Amino acid sequence: VNVVPGDLVLLAAGSAIPADCFVNHGEIEVDQSAMTGESLPVKFKRGDLTKMGSTVTRGETEGTVQSTGSNTFFGKTAMLLQSVDNQGGSLHTLLLRIMISLVTLSLSLCL
């Protein structure tokens, strides 16, 4: 199901939150451990912003879609992770040089 900003969605117990949504009324509890690492569900009330990929654990309410796709919290996090340099830090580089030196020394001693 495709949702766009401004759509109304049902946020009910057991359902995954399809996009970043504002809670319209009432109160729900949401498990966002996959996103934030929090071990307990978080209470959301009217006006709070729930995050895509979280799961409603208790309650039922309507939500208004605020953002979708790469504009969500999850999407922005994914974009940041893709932009990280994969070359490694200075410790990684130092350990790689030491390993290459030891392998070269081992091979030369074996021959």
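Model, not experiment: these values are computed from the prediction.

### Describing the overall build of the chain
Phase 1: The helix and strand inventory of the chain stands at three helices and seven strands.
Phase 2: The order of helices and strands in the chain, counted from the N terminus, is β-β-β-α-β-β-β-β-α-α.
Phase 3: Over its C-alpha trace the chain gives a radius of gyration of 23 Å, far above what one expects of a compact globule, namely 13 Å for 111 residues.
Phase 4: By the burial criterion, 24% of the 111 residues in the chain qualify as buried.
Phase 5: At a minimum sequence separation of 6, the contacts of the chain that also span at least 24 residues come to 68%.
Phase 6: In the structure as shown, the chain presents an accessible area of about 7800 Å², 60% of it carried by carbon and sulfur atoms.
Phase 7: Positive and negative charge centroids in the chain, built from 7 and 10 side chains respectively, lie 7 Å apart.

### A closer look at the sheet that holds strand 3 (residues 27-31)
Phase 1: In space, the three strands of this open sheet follow the order 4-3-6, with antiparallel pairing throughout. One side of each edge strand has no neighbouring strand; the edge strands of this open sheet are strand 4 (42-45) and strand 6 (55-58). Averaged over all pairs of adjacent strands, the angle between their axes in this sheet comes to 45°, without regard to strand direction.
Phase 2: Pairing analysis gives three bridges linking strand 3 to strand 6, with the strands arranged antiparallel. The residue bridging Val30 from the neighbouring strand is Val56, located in strand 6.

Conventions used here
- Here the residue numbers are simple positions, counted from 1 along each chain's written sequence.
- At least 70 in pLDDT is required for a residue's local features to be given in this predicted model, at least 80 for side-chain atom pairs to be given and counted, and no such filter applies to totals for whole chains, interfaces and linings, which use all residues.
- Values shown for side chains rest on all heavy atoms present in the structure; no hydrogens or waters enter the calculation.
- The helix and strand labels rest on DSSP assignments: H or I over at least four residues marks a helix, E over at least two residues marks a strand, and numbering proceeds from the N terminus.
- When we talk radius of gyration, it's over C-alpha atoms, and the globule rule is simply 2.2 Å times the number of residues to the 0.38.
- The rule is simple: take the accessible area with a 1.4 Å probe, protein chains only, and divide by the maximum for that residue type; under 20% is buried, over 50% is exposed, in between is partly exposed.
- Between two residues, a contact is recorded if the distance between any of their heavy atoms is within 4.5 Å.
- Methods summary: accessible areas were calculated by the Shrake-Rupley approach with a probe of 1.4 Å, and residue burial reflects only the protein chains presented.
- By the counting rule applied here, Lys and Arg register as positive and Asp and Glu as negative, while His and the ends of each chain are not counted.
- The location of each charge is read from NZ of Lys, CZ of Arg, CG of Asp or CD of Glu.
- Pairing between strands is defined by DSSP: at least two bridges between them are needed.
- Fitting a line to C-alpha atoms yields each axis, with helices limited to the stretch in contact; the angle taken between N-to-C directions then spans 0 to 180 degrees.

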